[in-house]
Amino acid sequence: MRVYLLSSQTYTPEVIAVAFAKTSRSPEPFDVIAREISAEQSAAFHEKWVIGYGHASVAEHAVVHIAIEGVSRLALEALESARLASFTEKSTRYQILDADAFVRPPELQGHPLADRYEAAARHLFAAYHALQEPVQRVLRLHEPTRTGETSTQWARRNRTAYMDVCRFLLPAATQANVGMTVNARELAHTLRKMLAHPLAEVRALAERIHAAARASIPTLLRYVEPDHATQQALAQLAAALPPIGQRPVATLPIYVPILHRWDPEGESRVLAAALYRVAAWDYASALAYVQSASSEARFDLARALLGHLTRHDIPLRELEHTWYTAEVVLDQGAFYELKRHRMMTQTPQALHPRLGYMMPRAVAEAGMAERYHEAMRHAAATYEALAAWNSHVASYIVPNGYLRRVLLTFNARQAYHLIRLRSAPNAHASMRLFAYHLLAALRKVHPALYAFLPMPDEAEWARLTKYLMGPYPGTGKGS
Ligand SMILES: Cc1cc2nc3c(=O)[nH]c(=O)nc-3n(C[C@H](O)[C@H](O)[C@H](O)COP(=O)(O)OP(=O)(O)OC[C@H]3O[C@@H](n4cnc5c(N)ncnc54)[C@H](O)[C@@H]3O)c2cc1C
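Residues numbered from 1 in each chain as written. Predicted model: local features only at pLDDT ≥ 70, side-chain atom pairs only at ≥ 80, totals over all residues. Heavy atoms only, no water.

Some details on the overall build of the protein
Along its length, the protein carries 19 helices and nine strands. Against the compact-globule benchmark of 23 Å for 479 residues, the protein has a radius of gyration of 25 Å, which places it among compact chains. Expressed as lengths along the three principal axes of its C-alpha atoms, the size of the protein is roughly 75 × 70 × 60 Å. Every one of the 479 residues in the protein was classed for burial, and the buried ones make up 49%. (Helix = DSSP H or I, 4+ residues; strand = E, 2+ residues; numbered from the N terminus. Rg over C-alpha atoms; globule rule 2.2 N^0.38 Å. Buried < 20%, exposed > 50% of the residue type's maximum accessible area, 1.4 Å probe, protein only.)

Considerations on the pattern of salt bridges
Counted according to the given criterion, the structure contains 22 salt bridges. Measuring nitrogen to oxygen at the nearest pair gives 2.6 Å for the salt bridge that ties Glu 149 to Arg 157. Looking at Glu 149, the relative accessible area reads 17%, which means it is buried. Residue class for Arg 157 comes out buried when judged on its relative accessible area of 18%. Here Glu 370 makes a salt bridge to Arg 377, at a shortest N to O gap of 3.5 Å. (Salt bridge = Lys/Arg side-chain N within 4 Å of Asp/Glu carboxyl O.)

Details of the side chain of Ser 72
Along the chain, Ser 72 falls in strand S1 (residues 63-72). Classification of Ser 72 by relative accessible area gives buried; the value is 0%. Reaching out from Ser 72, the side chain makes a polar contact with the backbone nitrogen of Ala 75 at a distance of 2.9 Å. Among residues more than four places away in sequence, those in contact with Ser 72 are Val 103, Ala 172, Ala 173, Thr 174, Gln 175, Glu 201 and Tyr 396. (Polar contact = N/O pair within 3.5 Å; in protein donor to acceptor, adjacent residues only side chain to side chain. Contact = heavy atoms within 4.5 Å.)

A few points about the site of the ligand
Around the ligand, 14 residues are found, and the nearest of them are Glu 89, Arg 340, Arg 342, His 417 and Arg 422. Arg 340 is positioned with one of its side-chain polar atoms (N or O) 2.8 Å from an oxygen atom of the ligand. Here an oxygen atom of the ligand sits 2.7 Å away from a polar atom, N or O, in the side chain of His 417. Summarising the interface, the protein chains cover 64% of the accessible area of the ligand, which totals 940 Å² for the free molecule. (Near = heavy atom within 4 Å. Areas by Shrake-Rupley, 256 points an atom, 1.4 Å probe, with all protein chains shown as cover.)

Things to note about unusual backbone geometry
Cis geometry is adopted by the peptide bond preceding Pro 471, which originates at Gly 470 and carries an omega value of 10 degrees. You can see Pro 471 is positioned in strand S9 (residues 468-472). Positive phi values are uncommon outside glycine, yet Tyr 255 reaches one of about 70 degrees. Owing to a relative accessible area of 2%, Tyr 255 belongs among the buried residues under this scheme.

Structural notes on the environment of Leu 74
Note on placement: Leu 74 falls in helix H4 (residues 73-79). For the pair Leu 74 and Ala 229, spaced 155 residues apart in sequence, the C-alpha to C-alpha distance is 22 Å. Filtering out sequence-adjacent residues up to four positions away, Leu 74 remains in contact with Ala 172, Leu 199, Leu 351, His 392, Ser 395 and Tyr 396.

Section: the environment of Phe 452
Among the secondary structure elements, Phe 452 is positioned in the loop between helix H18 (429-445) and helix H19 (458-466). A relative accessible area of 25% means that Phe 452 is categorised as partly exposed. Excluding anything up to four places from it in sequence, Phe 452 contacts Phe 299, Ala 302, Arg 303, Leu 306, Gly 307 and Tyr 416.

Things to note about the sheet that holds strand S8 (residues 403-411)
Two strands in a sheet stick together by hydrogen bonds in their backbones, pointing the same way (parallel) or opposite ways (antiparallel). Strand order in the open sheet formed by four strands is S4-S5-S8-S6, with antiparallel pairing between adjacent strands. Edge positions in the open sheet fall to strand S4 (258-262) and strand S6 (345-348), since each of these has one partner strand only. Averaged over all adjacent pairs, the angle separating strand axes in this sheet is 20 degrees, with direction ignored. Pairing between S6 and S8: four bridges, direction antiparallel. (Pairing = 2+ DSSP bridges. Axes fitted to C-alpha atoms, helices over the stretch in contact; angles between N-to-C directions.)

Structural notes on the sheet that holds strand S2 (residues 86-89)
A sheet is described by the order of its strands in space; here three strands give the open sequence S1-S3-S2, paired in antiparallel fashion. One side of each edge strand has no neighbouring strand; the edge strands of this open sheet are S1 and S2. Neighbour-to-neighbour, the strand axes of the sheet open up by a mean angle of 20 degrees, direction not taken into account. Helix H7 (residues 184-195) rests against S1 and strand S3 (175-183) of the sheet, and its axis sits at about 130 degrees to S3.

Concerning the packing of aromatic side chains
Applying the stated criterion to the full structure yields 13 aromatic pairs. Against the face of Tyr 336 rests Arg 73, its NZ or CZ located 3.8 Å from the ring centre. Note that Arg 104 overlies the ring of Phe 102, its terminal NZ or CZ placed 4.1 Å from the centroid. (Phe/Tyr/Trp six-rings, centres within 6.5 Å; stacked < 30°, edge-to-face > 60°. Lys NZ or Arg CZ within 6 Å of the ring centre and 35° of its normal.)

Concerning helix H12 (residues 295-306)
When the terminal C-alpha atoms of H12 are compared, their 16 Å separation across 12 residues agrees well with the 16 Å that a helix rising 1.5 Å per residue should span. Among all positions of H12, only Arg 298, Leu 301, Ala 302, Leu 305 and Leu 306 are buried. End-on view of H12: buried residues confined to an arc of 115 degrees, all on one side of the axis. Opposite its buried face, H12 presents the exposed residues Glu 296 and Ala 304, each directed more than 90 degrees away. Where H12 is buried, its residues meet helix H10 (266-278), helix H11 (283-292) and helix H17 (412-422). (Expected span 1.5 Å × (residues − 1). Arc of directions from axis to C-beta.)

Some details on the side chain of Lys 339
Inspection of the secondary structure puts Lys 339 in the loop between helix H13 (332-338) and S6. Its relative accessible area of 8% is what places Lys 339 among the buried residues. Beyond its immediate sequence surroundings of up to four residues, Lys 339 is in contact with Glu 77, Glu 80, Glu 89 and Gln 346.

Here's the deal with the packing of H18 against H19
In contact at an axis separation of 9 Å, H18 and H19 are set at 120 degrees when each is read in the N-to-C sense. Between H18 and H19, the angle falls in the class oblique. Handedness of the crossing formed by H18 with H19: left-handed. Along its contact with H18, which presents Ala 429, Arg 432, Leu 433, Tyr 436 and His 437, the element H19 presents Glu 460, Trp 461, Arg 463, Leu 464 and Thr 465. Grouping the constituent residues of the contact of H18 with H19 by class yields five nonpolar, two polar and three charged. (Parallel < 35°, antiparallel > 145°, perpendicular 65-115°, else oblique. Left-handed = near helix turned anticlockwise from the far one by under 90°. Nonpolar A, V, L, I, M, F, W, Y, C, P; charged D, E, K, R; others polar.)

Structure (structure tokens):
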């Protein structure tokens with residue numbers, strides 16, 4: 001056995017990819033193959049095999065780390081839809097942002113609505129800053145020092161708590177920095193989608209990423225064309241649809257997922273698959289056994305599968321044998337975190353202010369409710385003025401507090417991961433609320449599978465459900 005690194009300090013990403021690809025036909029060890037490959041040979045190899053014959057998985061061995069700064073959070077939604085990439089992003093929970101930390105969309109350059117956009121963004125940032133001190137004061141009273149907590153730890157916790165509240169006012173135009181680690185295959189796919197995006201900022205970002213990455217991966221990223229056809233066809237189709245009435249905001253279940261699809265036999269299928277892994281049975285026998293087992297026996301089986309996980313353990317893959325489709329309405333700040341769960345299939349609708357908005361109760365307790373409502377309404381009116389010209393650009397001005405609707409398809413393992421991570425005490429209250437509502441919904445249909453994830457106690461549940469006020473009406477236009 002030999003195990004070693006093909007160092008990225010010695011070899012370029014494309015040479016490493018060729019060295020790995022060549023093991024398919026070469027008897028030589030990897031380091032010998034790598035030493036013998038010149039940049040020209042590597043380029044010729046990739047042109048012939050990866051680009052020419054479509055052996056695209058080879059490109060996964062060419063990895064780059066891309067630093068991206070000063071991009072809007074709206075543009076990052078397009079970038080972060082790359083499922084097989086890794087991201088770490090500047091947080092709005094742990095940093096206070098400057099008054100002009102927002103992107104001016106290229107489409108607005110020299111446009112008559114540019115000043116109105118600028119004023120609305122500044123208005124939101126001014127309210128965001130104005131809220132900080134009074135909200136911090138109120139939360140200090142709610143969050144006394146815990147036993148054993150130092151004053152620095154307490155101050156940090158208090159700061160996160162008031163930033164969590166104030167960030168509801170930040171628009172999608174808010175600037176972010178993100179570090180991205182990605183392989184050439186996934187990057188090419190992501191760039192193709194981004195180059196066809198309706199926002200000029202996203203297309204420009206794709207071009208800048210392409211140029212930066214090509215310094216390191218010149219051949220594998222040579223042919224990256226926009227993928228226009230599907231998006232255009234869908235947009236044309238949607239434009240011809242008749243308008244339908246919007247459900248009144250007050251009747252929308254917010255943070256509560258509507259389960260549109262689940263498998264009534266899903267729990268049995270997961271448990272049968274777990275048995276199948278260890279017993280020498282065929283699948284039909286395992287399924288029949290589980291289906292006829294008492295509920296006690298099913299819980300025992302579920303306990304063996306899920307009852308012994310430590311915080312670092314990931315549940316076995318057998319949980320992937322059942323799937324759900326759910327629809328949820330949640331605030332944009334929460335959606336922005338939800339979208340990072342790459343393994344799920346997520347279809348968000350456009351960001352607009354028409355479904356209404358939420359307000360953290362601490363804003364009212366700090367005596368800042370009127371300021372908050374006024375800033376939210378001002379942003380919504382600016383959105384409508386912009387949307388009459390370009391609804392994609394209008395989304396930049398929508399603050400985090402407005403509601404967004406998203407369709408999710410996921411398996412039980414993905415649900416498990418999300419609920420564990422996002423119900424933790426350090427997660428944002430909106431996400432915790434969603435995570436617990438998701439847990440409650442899944443427990444109803446597959447009780448044994450979700451019995452080992454705890455629901456909050458009454459006091460914690462009351463605290464969470466009181467965190468937000470609303471929904472307050474949005475502009476209500478559209479369908
Ligand atoms: C309290 C808290 C604070 C956070 N702060 C920040 C922050 O400041 N900045 C920020 O950018 N994010 C932050 N996050 C988001 C976090 O880093 C994750 O991106 C997000 O929670 C999604 O989780 P995930 O990547 O585990 O989930 P998913 O993308 O759903 O992945 C599910 C699981 O699949 C596996 N997996 C998926 N992709 C890979 C991969 N490429 N390599 C290896 N394993 C993989 C992992 O086991 C992962 O847990 C924070 C999250 C929490 C809970």
